[in-house]
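Spelled out, the chains give:
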Amino acid sequence: MTAIFTPKVITANALLEGDVVYLTPHDTWTRRLEDADVLTDEADTQIRLIDASARAGEAVGVYLADVDAQADGPQPTHFREAFRMRGPSNYFHGKQSEVL
């Protein structure tokens, strides 16, 4: 039985800063999940993933992350992705201080 393809975003880490980044509909990287391209076609997703992975001078560790496509933008469906969005967990700084 074939698994149902669920909405996904392409994510990685920015090469120089290490920040979490997401691929936009314009094939640029953004640090905002709400600007990410929500992919719903499996074949298109695989092609975009291959293309994004080839851009090693911009981002590393490229992979697909499941999301819940909502009216206000995609939301992570897994704890790992929600954790990555917030940044380091040792104390409030950077992205964590801005989320509250």
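Fair warning: this is a prediction, and the values are worked out from it, not measured in the lab. (Residues numbered from 1 in each chain as written. Predicted model: local features only at pLDDT ≥ 70, side-chain atom pairs only at ≥ 80, totals over all residues. Heavy atoms only, no water.)

Asker: Just to check I follow, could you spell out helix α2 (residues 79-86) for this structure?
Answerer: Since the α-helix turns once every 3.6 residues, residues separated by three or four places project in the same direction. For α2, the set of buried residues is Glu81, Ala82 and Arg84. Each buried residue of α2 sits inside an arc of 160° when the element is viewed along its axis, so together they form one side. (Buried < 20%, exposed > 50% of the residue type's maximum accessible area, 1.4 Å probe, protein only. Helix = DSSP H or I, 4+ residues; strand = E, 2+ residues; numbered from the N terminus. Arc of directions from axis to C-beta.)

Asker: Would you explain unusual backbone geometry in this entry?
Answerer: Peptide bonds are trans in most cases, and residues, glycine excluded, mostly fall at negative phi. You will see that Asp27, though not glycine, has its phi angle at about 60°, which is positive. Along the chain, Asp27 falls in the loop between β2 (20-23) and β3 (29-30). Given a relative accessible area of 39%, Asp27 falls into the partly exposed group.

Asker: Whenever I open this one, helix α1 (residues 42-53) confuses me. Can you help?
Answerer: End to end, α1 covers 16 Å across 12 residues, agreeing with the expected 16 Å (1.5 Å per residue, within 8%). Of the positions making up α1, those classed as buried are Thr45, Arg48, Leu49 and Ala52. For α1, the angular spread of buried residues about the axis comes to 105°, placing them on one side. Turned more than 90 degrees from where α1 packs its buried face, Ala43 and Ile50 sit exposed. Against β1 (8-14), β2, β3 and β4 (59-70) lie the buried residues of α1. (Expected span 1.5 Å × (residues − 1). Contact = heavy atoms within 4.5 Å.)

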